Amino acid sequence: MMNEKISVTTAIRALRAHQVSYTEHLYHYEEKGGTAVSARELGVPEHRLIKTLIMENEKKQALVVLMHGDCEVSTKNLARIVGCKAINPCVPEVANKHSGFVVGGTSPFGTKKKMPVYMQESIAALDKIYINGGRRGFLVGMSPADCIAVLQPQLVDVAIHN
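Report on the accompanying structure. On a predicted model such as this, the values are computed, not experimentally measured, just so you know. (Residues numbered from 1 in each chain as written. Predicted model: local features only at pLDDT ≥ 70, side-chain atom pairs only at ≥ 80, totals over all residues. Heavy atoms only, no water.)

1. Let's talk about the pattern of salt bridges
Throughout the structure, instances matching the rule amount to six salt bridges. E41 serves as the salt-bridge partner of R40, at 3.0 Å between the closest nitrogen and oxygen. Take E41: its relative accessible area is 37%, and that puts it in the partly exposed class. Notably, a salt bridge pairs D127 with R48, separated by 2.4 Å at the nearest N-O pair. Here R48 lies in the loop between α2 (34-42) and β2 (49-57) and D127 lies in the loop between β6 (117-120) and β7 (129-135), a separation of 79 residues in the sequence. Accessibility expressed as a relative area gives 22% for R48, which makes it partly exposed. (Salt bridge = Lys/Arg side-chain N within 4 Å of Asp/Glu carboxyl O. Buried < 20%, exposed > 50% of the residue type's maximum accessible area, 1.4 Å probe, protein only. Helix = DSSP H or I, 4+ residues; strand = E, 2+ residues; numbered from the N terminus.)

2. Some remarks on the layout of surface pockets
Any empty space left between atoms is shown by rolling a water-sized probe over those atoms. There is about 850 Å³ of room inside the largest pocket. Taken together, 34 residues make up the lining of the largest pocket; nearest its centre are K51, T52, L53, V103 and G104. Of all the secondary structure elements, the ones that give two or more residues to the lining of the largest pocket are α2, β2, β4 (71-73), α4 (92-99) and β7. Roughly 200 Å³ of volume is contained in the second largest pocket. Taken together, 13 residues line the second largest pocket, and the ones lying closest to its centre are P108, G110, T111, K114 and L151. A breakdown of the residues in the lining of the second largest pocket according to their chemical character gives eight nonpolar, three polar and two charged. (1 Å grid on protein atoms, 1.4 Å probe; cavity = no way out; pocket = protein on both sides within 12 Å on 5 of 7 lines; lining within 4 Å. Points joined across faces, edges and corners; volume = space filled by probe spheres on them. Nonpolar A, V, L, I, M, F, W, Y, C, P; charged D, E, K, R; others polar.)

3. Structural notes on the environment of V73
For V73, the position within the fold is in strand β4. Between the alpha carbons of V73 and I160 there is a distance of 5.9 Å; along the sequence they are 87 residues apart. Not counting residues up to four positions away in its chain, the partners in contact with V73 are L53, M55, V65, M67, L78, V158 and I160. (Contact = heavy atoms within 4.5 Å.)

4. Focus: unusual backbone geometry
Excluding glycine, a negative phi dihedral is what most residues carry, and trans is how most peptide bonds are arranged. Backbone geometry at Q19 places phi at a positive 55°, although glycine is not the residue there. With respect to the secondary-structure elements, Q19 resides in the loop between α1 (10-17) and β1 (23-26). Phi angles above zero are rare outside glycine, and K32 is one such case at about 65°. Mapping K32 onto the fold places it in the loop between β1 and α2.

5. Remarks on helix α5 (residues 144-151)
Here α5 has its buried residues at P144, C147, V150 and L151. Angular distribution of buried residues about the axis of α5 spans 125°; they occupy a single face of the element. The elements touched by buried residues of α5 are β3 (62-68), β6, β7 and β8 (138-142). In the segment just after α5, Q152 is the residue with positive phi, at about 50°. (Arc of directions from axis to C-beta.)

6. Re the environment of M142
Mapped onto the elements, M142 comes out in strand β8. For the pair M142 and V20, spaced 122 residues apart in sequence, the C-alpha separation works out to 8.1 Å. Excluding residues within four positions of it along the chain, M142 makes contact with L15, V20, S21, Y22, F109, K128, I129, I131 and C147.

Okay, here's the thing in structure tokens:
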């Protein structure tokens, strides 16, 4: 844990507005380190780290996908479930524009643009998850139930286990 004051991000404002109980976790962010780095820094299994991915369909309509840190998203299965032709990850500049966050610090809470949220259903079975708090090197720990209550995601099974 770094001795640094945590700034109040739009994600934290959203969690406070919903009166969500959460813990704050700062760590040393490494470019392209992903959830493996944050899991190592926090000393928790990577499966409990939840990636916030900004994706878009063939009409360039944005959506949020929440996935275990140690899994990938089957965009083909997600497209089938959502009822569109294709879903692909947004390039970082587009993702930043949709979310209002910088890639690597993207949180599903307090996004700039309202987007549908799809959550890997097995996340709901965990007792605690760690998800981005709105900036690089900052995660919040919370119950999946609170995450679901705030985001109202559609639960889907689109994980590719690594």
